[in-house]
Amino acid sequence: MNGSEFSWSEFFHMGGYAVFVWSSYGLALLMVVVNIVSPIIERKRVIARVKRAIKREASNGQVN
Amino acid sequence: MFKRIWGWIQRFSSPKHFYDISGKMIPWFAVSALLLGVYGLYMGLFVAPTDYQQGESYRIIFIHVPAAWMSLFIYMVMAIASAIGLIWQIKLADMVAAASAPIGAWFTFLALVTGSLWGKPMWGAYWVWDARLTSELILLFLYFGYMALQSSIEDQRTADKASGLLAIVGVVNIPIIHYSVEWWNTLHQGATVAKFDKPSMHIDMLIPLLVMAFAAKLFYAAVVLVRARNEVLMRERNRQWVRELVEKI
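Throughout what follows, the structure given in this document is the object of discussion. (Residues numbered from 1 in each chain as written. Chains lettered and ligands numbered in written order. Predicted model: local features only at pLDDT ≥ 70, side-chain atom pairs only at ≥ 80, totals over all residues. Heavy atoms only, no water.)

1. Let's talk about the overall build of chain B
Helix and strand content of chain B: nine helices and zero strands. Its helices and strands taken in sequence order, chain B reads α-α-α-α-α-α-α-α-α from the N to the C terminus. For the C-alpha atoms alone, the extent of chain B along its principal axes is close to 60 × 40 × 35 Å. A separation threshold of at least 6 residues defines the contact pool for chain B, and within that pool the share at least 24 residues apart is 74%. (Helix = DSSP H or I, 4+ residues; strand = E, 2+ residues; numbered from the N terminus. Contact = heavy atoms within 4.5 Å.)

2. Remarks on the pattern of salt bridges
If the charged atoms of two oppositely charged side chains come close together, the side chains can form a pair. All names here are of chain B. Within this structure, the stated rule accounts for eight salt bridges over all chains. A salt bridge links Glu236 to Lys91, with the nearest nitrogen and oxygen atoms 3.2 Å apart. One end of the pair, Glu236, is in the loop between helix 8 (203–235) and helix 9 (240–248); the other, Lys91, is in helix 4 (residues 91–123), with 145 residues separating them in the sequence. Judged by its relative accessible area of 41%, Lys91 falls in the partly exposed class. A salt bridge links Glu231 to Arg235; the nearest nitrogen and oxygen atoms lie 2.9 Å apart. Here Arg235 and Glu231 lie together in helix 8, a separation of four residues that amounts to about one turn. The class of Glu231 is partly exposed, set by a relative accessible area of 21%. (Salt bridge = Lys/Arg side-chain N within 4 Å of Asp/Glu carboxyl O. Buried < 20%, exposed > 50% of the residue type's maximum accessible area, 1.4 Å probe, protein only.)

3. A word on helix 7 (residues 173–183) of chain B
All names here are of chain B. Three or more residues of helix 7 are buried, namely Asn173, Ile174, Ile177, Ser180 and Val181. Buried residues along helix 7 cover an arc of 145° about the axis, so they all sit on one side. Facing away from the buried side of helix 7 by over 90 degrees, the exposed positions are Glu182 and Trp183. On its buried face, helix 7 sits against helix 3 (61–88) and helix 5 (131–152). (Arc of directions from axis to C-beta.)

4. Some words on the packing of helix 4 of chain B against helix 5 of chain B
The relative placement of two packed helices is expressed as an angle between their axes plus a distance between the axes. Residues and elements named next belong to chain B. Contact geometry of helix 4 with helix 5 gives a least axis separation of 9 Å together with a crossing angle of 150°. The angle between helix 4 and helix 5 places the two elements in the roughly antiparallel class. Helix 5 is crossed by helix 4, and the crossing has left-handed handedness. Counting all contacts with helix 4, which are made through Asp94, Ala97, Ala98, Ala101, Pro102, Gly104, Ala105, Thr108, Phe109, Ala111, Leu112 and Trp123, the residues of helix 5 involved are Leu133, Glu136, Leu137, Leu139, Leu140, Tyr143, Phe144, Tyr146, Met147 and Gln150. In terms of residue class, the contact of helix 4 with helix 5 is built from 17 nonpolar, three polar and two charged. (Axes fitted to C-alpha atoms, helices over the stretch in contact; angles between N-to-C directions. Parallel < 35°, antiparallel > 145°, perpendicular 65-115°, else oblique. Left-handed = near helix turned anticlockwise from the far one by under 90°. Nonpolar A, V, L, I, M, F, W, Y, C, P; charged D, E, K, R; others polar.)

5. Quick word on the nonpolar core
Residues B:Ile61, B:Phe62, B:Tyr75, B:Met78 and B:Phe107 are the most contacted members of the largest nonpolar core, which totals 78 residues. Every element with two or more residues in this core is listed here: helix 2 (18–63) of chain A together with helix 2 (15–47), helix 3, helix 4, helix 5, helix 7, helix 8 and helix 9 of chain B. Once residues lying within four places of it in the same chain are set aside, the contact partners of B:Tyr75 are B:Met70, B:Leu139, B:Leu142, B:Tyr143, B:Leu166, B:Ala167, B:Gly170, B:Val171 and B:Ile174. (Core = buried A, V, L, I, M, F, W, Y, C linked by side-chain atoms within 4.5 Å.)

6. Some words on unusual backbone geometry
Of note in the backbone geometry, A:Met14 takes a positive phi value of approximately 50° without being a glycine. Structurally, the position occupied by A:Met14 is in the loop between helix 1 (8–13) and helix 2. Residue classification places A:Met14 among the buried positions, given a relative accessible area of 0%. Of note in this structure, B:Gln89 is not a glycine but carries a positive phi near 55°. Mapped onto the elements, B:Gln89 comes out in the loop between helix 3 and helix 4. Residue class for B:Gln89 comes out partly exposed when judged on its relative accessible area of 49%.

7. Points about the environment of B:Ala159
Residue and element names in this part refer to chain B. Of note, Ala159 is situated in helix 6 (residues 156–169). Expressed as a C-alpha distance, the spacing of Ala159 and Leu140, which sit 19 residues apart in the sequence, is 19 Å. If near-sequence neighbours (up to four positions away) are discounted, Ala159 is found in contact with Leu149, Gln150, Ile153 and Gly164.

8. A word on the layout of surface pockets
Approximately 1100 Å³ is the volume attributed to the largest pocket. At the level of secondary structure, the elements contributing two or more residues to the lining of the largest pocket comprise helix 2 of chain A together with helix 3, helix 4, helix 5, helix 6 and helix 8 of chain B. In terms of residue count, the dominant contributor to the lining of the largest pocket is helix 4 of chain B (seven residues). (1 Å grid on protein atoms, 1.4 Å probe; cavity = no way out; pocket = protein on both sides within 12 Å on 5 of 7 lines; lining within 4 Å. Points joined across faces, edges and corners; volume = space filled by probe spheres on them.)

So, to be careful, I would describe these as geometric facts and stop short of saying anything about function.
Structure representation (structure tokens):
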């Protein structure tokens, strides 16, 4: 970091700005995870909905 | 000639064609986003030198600036797609716009919060009502407005028209955000990269910044395609091809 030997504790300390730096990176990670997971859940929801509609119409078809 | 191009555009922008092609593209965008993101984080956190004025706190830049750039970029994509949808009635364009809005809102939120986390140690305040911060906050509200119109209007075509119009009108905010640091006195620092002379930044800081910005673009590309495919399935749910496809899943 400042030319001297690398140490993990110094790295995590971020020159005293640890709270601000790591909150920023943590939030970015959270944002990435949410943006991966939520469209996948949404996809499952949409597919389930279409499947339900197909089933409903198939059973209606038998009645008519 | 013109007719042929138009025919080609219509074929390419057909939801089914888009669904097939985008399915093949998503893994490539996702993997390259991941690789570039890891490389950018390594360069930004381990290789980039300490800033002589801001110490280690400046490393927030590698999140904050790409997020802020994305908030503007995605807004432009959303507005241009909305315009295409309004003018040429291309349904796929409206779907891309609708798929972009939540991602853009997330990047805007990230830019605002990381800016705030950077502002506290540097300016002594989490928030100031200056031009850059206020116009970026307005951008977040524009995204929220778009999403609210999309979800509250039952008829999809009306929803696309209303939200698309909002997106297009909201474009006036984009140059305001960009030039706010020049037009008004502000705490926010001026442009260091996007200016006509040489970027005033150390090359070891500039490289991770650009890598992270590119990784963010690829991430957006992957996520917007997944979301747009959801929109296709949802909006075309009464079509035969969607039904056949869903039954196979």
